[in-house]
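Listed here are the chains, written in short residue letters.
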Amino acid sequence: MGRKQTAADILDSESPSIEPGTEQRYARVIGPRGNHQHEVEFIDGTRTLVTLQPRFRHLVWVKRGHYVIVDPSLGTTSEKVGGEIIHVLFPKHIKTLEQSGQW
């Protein structure tokens, strides 16, 4: 699958949701910190660094204020890095999540 097709799939995908029984959490991006790492703030107010999945690195640009789904059990988890961004939420995804009552 090419780059254009992957980008279209990400943008046109149905609204992702957190799977029950997993450690996935919603977070807001505070800002980039370099090397595909971003500082995020979770709903409870805690902040941590997370990495961006390699499949998103040159397709989706994550900016301050974007919302993402983070899985703390994936990626290089160390004392500094606390998980991996598994999905970037766009406004249409957030709107769908609000309508379904998952937001």
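About the cut-offs
Per chain, residues are indexed from 1 in the order of the written sequence. The predicted origin of the model limits local features to residues at a pLDDT of at least 70 and limits the giving and counting of side-chain atom pairs to 80 or more, whereas totals for whole chains, interfaces and linings rest on all residues. Hydrogens and water molecules were not included; the side-chain quantities draw on all heavy atoms of the structure. Each salt bridge in this description consists of a side-chain nitrogen of Lys or Arg and a carboxyl oxygen of Asp or Glu lying within 4 Å of one another. The buried label goes to any residue with under 20% of its type's maximum accessible area, the exposed label to any with over 50%, and the partly exposed label to all in between, with areas taken from a 1.4 Å probe on protein chains only. We treat two strands as partners when DSSP finds at least two bridges between them. Runs of E in the DSSP output that reach at least two residues are strands. Runs of H or I that reach at least four are helices, and both are numbered from the N terminus. Orientation is described by lines fitted to C-alpha atoms, with helices fitted over the stretch in contact, and by angles between N-to-C directions that extend from 0 to 180 degrees. Contacts are residue-level and defined by heavy atoms, with any inter-residue pair within 4.5 Å sufficient.

A. Examining the pattern of salt bridges more closely. Taken as a whole, this structure holds four salt bridges when the rule is applied. Between Arg33 and Glu39 there is a salt bridge, and its shortest N-O distance comes to 2.6 Å. With a relative accessible area of 46%, Arg33 lands in the partly exposed category. The partner of Arg47 in a salt bridge is Glu39, and the shortest N-O contact between them spans 3.9 Å. With relative accessibility at 16%, the residue Glu39 sits in the buried group. Residues joined in a network through salt bridges with shared partners are Arg33, Glu39 and Arg47.

B. Representation of the sheet that holds strand 2 (residues 37-42) within the structure. Spatial ordering of the closed barrel is given by 1-2-3-5-4, a layout of five strands whose pairing is mixed. Neighbouring strand axes in the sheet, compared pairwise and without regard to direction, differ in orientation by 55° on average. The strands touched by helix 2 (residues 91-100) are strand 1 (25-34), strand 4 (67-71) and strand 5 (81-89); relative to strand 5, the strand with the most contacts, the crossing angle is about 90°.

C. Representation of the environment of Tyr67 within the structure. Among the secondary structure elements, Tyr67 is positioned in strand 4. Apart from the residues lying within four places of it in its own chain, the contact partners of Tyr67 are Ala27, Arg28, Val88, Leu89, Ile94 and Trp103.

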